[in-house]
Amino acid sequence: MILGTIRGTVVSTRKCRNLVGFKLLLVEPYFGDKAQLFVAADTIGAGIGELVLVTTDETTQHALDRSAPVDAYVVGIVDAPPQLGK
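Just so we're clear, the structure is a prediction, and the values are computed from it rather than from any experiment.

Trainee: For this particular structure, what's the right way to read the overall build of the protein chain?
Mentor: Within the protein chain, the secondary structure is distributed over one helix and five strands. Each helix (α) and strand (β) of the protein chain, taken in turn from the N terminus, gives the series β-β-β-β-α-β. Taken against the 2.2 N^0.38 rule, which gives 12 Å for 86 residues, the C-alpha radius of gyration of the protein chain at 13 Å falls within 12% of a compact globule. In terms of overall dimensions, the protein chain has C-alpha extents of about 45 × 25 × 20 Å along its principal axes. Expressed as a percentage of its 86 residues, the buried residues of the protein chain come to 34%. For the protein chain, contacts bridging at least 24 residues in sequence account for 53% of all contacts bridging at least 6. Of the charged side chains in the protein chain, 8 are positive and 9 negative, and the gap between their average positions amounts to 8 Å.

Trainee: Can you walk me through the environment of F22 in this structure?
Mentor: Secondary-structure assignment places F22 in the loop between β1 (2–10) and β2 (23–29). As for F22 and E58, which are separated by 36 residues in sequence, their C-alpha atoms are 18 Å apart. Residues contacting F22, with those up to four places away along its chain left out, are K15, A41, D42, T43, L64, R66, A68 and Y73.

Trainee: Explain the pattern of salt bridges here, please?
Mentor: Note that side chains of opposite charge can pair when their charged atoms are close. According to the stated counting rule, one finds one salt bridge in the structure shown. Across the pair E28 and R7 runs a salt bridge, and its minimum N-O distance is 2.9 Å. Taken together, the residues span a long stretch of sequence, with E28 in strand β2 and R7 in strand β1 at a distance of 21 residues.

Trainee: Please explain the nonpolar core as it appears in this structure.
Mentor: Across soluble globular proteins, nonpolar side chains show a tendency to be buried alongside one another. I6, L25, V27, F38, A40, A46, V52, V54, A72 and V74 form the largest nonpolar core, which has 10 residues in total. Listing elements by their share of this core, those giving two or more residues are β2, β3 (38–42), β4 (51–56) and β5 (72–77). With residues near it in sequence (within four places) discarded, L25 still touches I6, G8, T9, F38, V39, A40, D42, A46 and V74.

Trainee: Would you mind going over the environment of G76 with me for this structure?
Mentor: With respect to the element layout, G76 can be found in strand β5. Spatially, the C-alpha atom of G76 lies 8.8 Å from that of L51, the residues being 25 residues apart in sequence. Excluding its chain neighbours within four sequence positions, the residues that come into contact with G76 are I44, L51, V52 and L53.

Rules used in this analysis
Residues numbered from 1 in each chain as written. Predicted model: local features only at pLDDT ≥ 70, side-chain atom pairs only at ≥ 80, totals over all residues. Heavy atoms only, no water. Helix = DSSP H or I, 4+ residues; strand = E, 2+ residues; numbered from the N terminus. Rg over C-alpha atoms; globule rule 2.2 N^0.38 Å. Buried < 20%, exposed > 50% of the residue type's maximum accessible area, 1.4 Å probe, protein only. Contact = heavy atoms within 4.5 Å. Lys, Arg positive; Asp, Glu negative; His and termini not counted. Charge placed at Lys NZ, Arg CZ, Asp CG, Glu CD. Salt bridge = Lys/Arg side-chain N within 4 Å of Asp/Glu carboxyl O. Core = buried A, V, L, I, M, F, W, Y, C linked by side-chain atoms within 4.5 Å.

Bear in mind that shape data such as this cannot, by itself, settle questions of function.
Following this line, the structure appears as structure tokens:
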């Protein structure tokens, strides 16, 4: 899983019908290379600026309630950033 901050949305007027109902969000990793934005699907209502927990790769399909071509999915909105070193 990846912690990341929502930096924007992706608008797609034409897409695979299995993606209908998913909001597509641009996520900036909280740790690591912040230049590597990626797209994650969302159904829980995350918004720009929020810190989220994202599942990726093959585990993503376990979090979805239906089959969809998604390899990153927002599974949680984080209330507070992690406190490292405490």
